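# Report on the structure
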Amino acid sequence: MVSTFQINEAELDNNFVKALKSMFKNRNLTLTIEAEEVDTTEYLLSNAVNKERLLKAVENAKQRKNLVKVDLEQLKNLVNA
């Protein structure tokens, strides 16, 4: 018997475990957990404050405003220190 459950981690509680135990009483089980991959961009934009900051940073970069200049030699020295 094969059963597939798609749940959110918040739903993975004692009630879920009890339901599994009831469904598969006295049987050996093999559990495989597969987490959905989260799109990085979607994740970063899912928080309103973070989204606003990121979109502002993109706009600043397009307008060449508020840029930070980095001296590559100084950076190399810091990395190699």
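Residues numbered from 1 in each chain as written. Predicted model: local features only at pLDDT ≥ 70, side-chain atom pairs only at ≥ 80, totals over all residues. Heavy atoms only, no water.

Within the fold, asparagine 60 resides in helix H3 (residues 48–63). With a relative accessible area of 11%, asparagine 60 lands in the buried category. Non-local contacts of asparagine 60, meaning those with residues more than four positions away in its chain, are made with Lys65 and Asn66. (Helix = DSSP H or I, 4+ residues; strand = E, 2+ residues; numbered from the N terminus. Buried < 20%, exposed > 50% of the residue type's maximum accessible area, 1.4 Å probe, protein only. Contact = heavy atoms within 4.5 Å.)

Here we take up the packing of aromatic side chains. This model, assessed by the stated rule, comprises 1 aromatic pair. A centroid spacing of 5.6 Å and a plane angle of 90 degrees characterise the contact between phenylalanine 5 and phenylalanine 16, whose relative ring orientation is edge-to-face. Of this pair, phenylalanine 5 sits in the segment before helix H1 (14–23) while phenylalanine 16 sits in helix H1, placing them 11 residues apart in sequence. Given the relative accessible area of 38%, phenylalanine 5 is considered partly exposed. Taking relative accessible area as the criterion, phenylalanine 16 reaches 17% and is therefore assigned buried. (Phe/Tyr/Trp six-rings, centres within 6.5 Å; stacked < 30°, edge-to-face > 60°.)

Here we come to the UniProt feature "domain: EAL" (unreviewed entry) in the chain. Here the UniProt feature "domain: EAL" (unreviewed entry) sits at residues 1–81. Helix makes up 51% of residues 1–81 and strand 0%, with an end-to-end C-alpha separation of 59 Å. (UniProt positions renumbered as here; feature names shortened; annotations may be inferred.)

Following the criterion strictly, the structure yields 1 salt bridge and no others. Ionic pairing is found between glutamate 73 and lysine 76, a salt bridge with its closest N-O pair at 3.7 Å. Of the two residues, glutamate 73 and lysine 76 are both situated in helix H4 (residues 72–80); the distance of 3 residues between them amounts to about one turn of the helix. Owing to a relative accessible area of 48%, glutamate 73 belongs among the partly exposed residues under this scheme. (Salt bridge = Lys/Arg side-chain N within 4 Å of Asp/Glu carboxyl O.)

What follows concerns the UniProt feature "coiled-coil region" (unreviewed entry) in the chain. Taken from the UniProt record, the annotation "coiled-coil region" (unreviewed entry) applies to residues 51–78. Helix and strand shares over residues 51–78 are 71% and 0% respectively, and the end C-alpha atoms of the span are 31 Å apart.

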